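Okay, here's what each chain looks like letter by letter:
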Amino acid sequence: MVQVNRRSFLKVAGTATTQTLLASSLRAVVEPDQPGTLLRPQQTEPEKPVAANDHIQIALIGAGGQGQYDTKVAVTVPGVKLVAAADCYDGRLEHSRELWGPDILTTRDYREILDRKDIDAVIIGTPDHWHKQASIDAMKAGKDVYCEKPMIHVYSDGPAMIETARETKRILQIGSQRVSNIVYAKAKELLAAGAIGQLNMVTAFWDRNSSIGAWNYTVPPDASPETCDWPRFLGTAPKIPFNGEHFFQWRKWKAYGSGVAGDLFVHLFSGTHFITGAHGPTRAMATGGLRFWKDGRDVPDVLLGLFDYPEGFNLSLRVNFVDGGSEGEGFLFAGSEGTMEIAGNSVSVNRVPRETEPGLMIGSFTDAMQKQITTAYRQKYPLVEPTEPARVGFDKYVAPRDYSDSYDHLKNFFASVRSRQPVVEDAVFGYRAAGAALLSNLSYERDAIVKWDPEQMKLG
Ligand SMILES: NC(=O)c1ccc[n+]([C@@H]2O[C@H](COP(=O)([O-])OP(=O)(O)OC[C@H]3O[C@@H](n4cnc5c(N)ncnc54)[C@H](O)[C@@H]3O)[C@@H](O)[C@H]2O)c1
């Protein structure tokens, strides 16, 4: 079979090059002639000393795994001090005192924290079903809020949180730290500079293959109605007798969590929205099932979602808790001129420019016909020696080994607390990411395509 196109002619002519010649924006971050060269990105700005009257006193509401992690990071931002923590399990209040000193206020009732005038901001690390109420109560008490993702548990949470932030003029940042990640910022810059041409499709996944990965977190042996404030934990969730698994492994039940969509799809949505600038999908369809972890949970452990974006691309997402292999997350952006991949702490572009002429498929025709067509073709598409080599090749940008996007995300929050300027991930961004993620649960439960208006943030 004879296939003729410009690339094959160039190869024959010996002029094809694998030299890396990406767009100038990409050249700015990698050594142009050494594909894969690690060039340290500019680290975040050097810290400036903080004036004594510029100190921010914070409290933690929901002192579990992520709340403690966020707070450990937050207090490394200059001028930030933790003075109180609220939680429903006494063991976590005790550990908060171990971590941040015996003098901090610890309480089961976060309203005690909100009453304190010397507290400027709170970090909310409760399960999803408390995000709205804790955020609204904190903002109404005059506190700025860093609320963990997913912003919402049910759709009505979104407008209520957005409205309260507007009314109270409080800073509300949602905790999808990848929105502050320098690798994602580089991906956004590359996409905008045309590194992969027109974006047609985004594929992203988050796979796990372990018991902890599947949310089977340890229930401490002292868990009981005495050590756990069960009614407070339940909040608006259905009233059931104390259950240690529900308390410590709450993600497994939709009364408290939002399934893999709210837990993990939401990170993939916030990443996609940040990098592409899109506000959200208009149509969604999802399927999946509870395949392996049949331990009483009421949410699937495999979920596949497909989403249409009005910008003209499709998004395909996968979470698999039983992938039989390694654990990891990643993105592949497929464009008309190449692909861009985010894996670990790097983004790479593999550029394969499109043909500039249509090509011929003529091998099955007679020799005379092949000759006739080829002659006519070359008259229409004369062979032109390129004045500069084709921009093909592979380049990679790697974040420094010790880079922390959580630090940057919290640093950004505290900068806004000081300046009163907008945060990188406000409630509208948070709702658009979580609202899009929860479409998957709706589609899965209804066994139907669901629609969403990403501008108005309303279900269709
Ligand atoms: N950004 C990220 O990468 C990331 C990672 C993990 C978790 N998260 C999010 O953080 C949140 C917490 O997750 P986790 O893994 O830390 O859960 P966790 O169970 O370890 O901690 C939640 C804590 O909240 C407490 N709590 C429940 N109701 C409360 C209330 N009314 N007042 C005060 N405390 C209350 C519980 O006692 C518990 O200690 C979730 O929304 C989750 O999605 C985000």
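Residues numbered from 1 in each chain as written. Predicted model: local features only at pLDDT ≥ 70, side-chain atom pairs only at ≥ 80, totals over all residues.

K.L.:
I would appreciate a short explanation of the sheet that holds strand β3 (residues 80-86) in the present structure.
P.N.:
Backbone hydrogen bonds are what pair the strands of a sheet, in a parallel or an antiparallel way. With parallel pairing, 6 strands are arranged side by side in an open sheet as β4-β3-β2-β5-β6-β7. Both outer strands of the open sheet, β4 (105-107) and β7 (172-175), are each paired with one neighbouring strand and no more. Strand-to-strand twist in this sheet, taken as the mean axis angle between neighbours without regard to direction, amounts to 25°. The pairing of strand β2 (residues 56-61) with β3 spans 6 bridges and is classified as parallel. By the bridge assignment, I58 is partnered in β3 with L82. In the packing of helix α3 (residues 65-74) onto the sheet, the strands contacted are β2, β3, β5 (121-124), β6 (144-148) and β7, and the crossing angle to β5 comes to about 140°. (Pairing = 2+ DSSP bridges. Helix = DSSP H or I, 4+ residues; strand = E, 2+ residues; numbered from the N terminus. Axes fitted to C-alpha atoms, helices over the stretch in contact; angles between N-to-C directions. Contact = placed C-beta atoms within 7 Å.)

K.L.:
Whenever I open this one, the pairing of β5 confuses me. Can you help?
P.N.:
Two faces, one strand: in a regular strand the side chains alternate between the faces of the sheet. Burial along β5 is two-sided: A121 and I123 facing one way and V122 and I124 facing the other are all buried. Here β2 runs beside β5; their pairing, made up of 4 bridges, is parallel. Residue pairing in the sheet places A59 in a bridge with V122 of β5. In this sheet, β6 lies alongside β5 in parallel orientation, the contact comprising 4 bridges. Of the residues in β6, the one forming a bridge with I124 is C147. Once the chain exits β5 it traverses helix α6 (residues 131-140) before rejoining the sheet at β6, and the crossover so formed is right-handed. (Buried ≥ 20, exposed ≤ 12 C-beta atoms within 10 Å, placed from the backbone. Right-handed = clockwise from strand over helix to strand, strands pointing away.)

K.L.:
Explanation requested: the site of the ligand in the structure shown.
P.N.:
Close contacts around the ligand come from 27 residues, with G62, G64, Q66, C88 and E148 the closest. Of all the secondary structure elements, the ones that give two or more residues to the shell around the ligand are α3 and α9 (230-234). Per-element tally for the shell around the ligand: the top contributor is α3, with 3 residues. Each residue belonging to the shell around the ligand can be placed in one class, and the counts come to 10 nonpolar, 10 polar and 7 charged. (Near = placed C-beta within 6 Å. Nonpolar A, V, L, I, M, F, W, Y, C, P; charged D, E, K, R; others polar.)

K.L.:
Hey, could you run me through the nonpolar core in this one?
P.N.:
The tendency in soluble globular proteins is for nonpolar side chains to be buried as a group. Ranked by size, the top nonpolar core spans 95 residues in total, and within it V122 and F265 carry the most contacts. Of the residues forming this core, the biggest block, 10 residues, is contributed by helix α14 (residues 427-446). Setting aside residues no more than four positions away along its own chain, F265 makes contact with V260, G305, L317, V319, A437 and S440. The next biggest cluster of nonpolar side chains, apart from the first, holds 11 residues, and it includes Y89, C228, L234 and W253. (Core = buried A, V, L, I, M, F, W, Y, C linked by C-beta atoms within 7 Å.)

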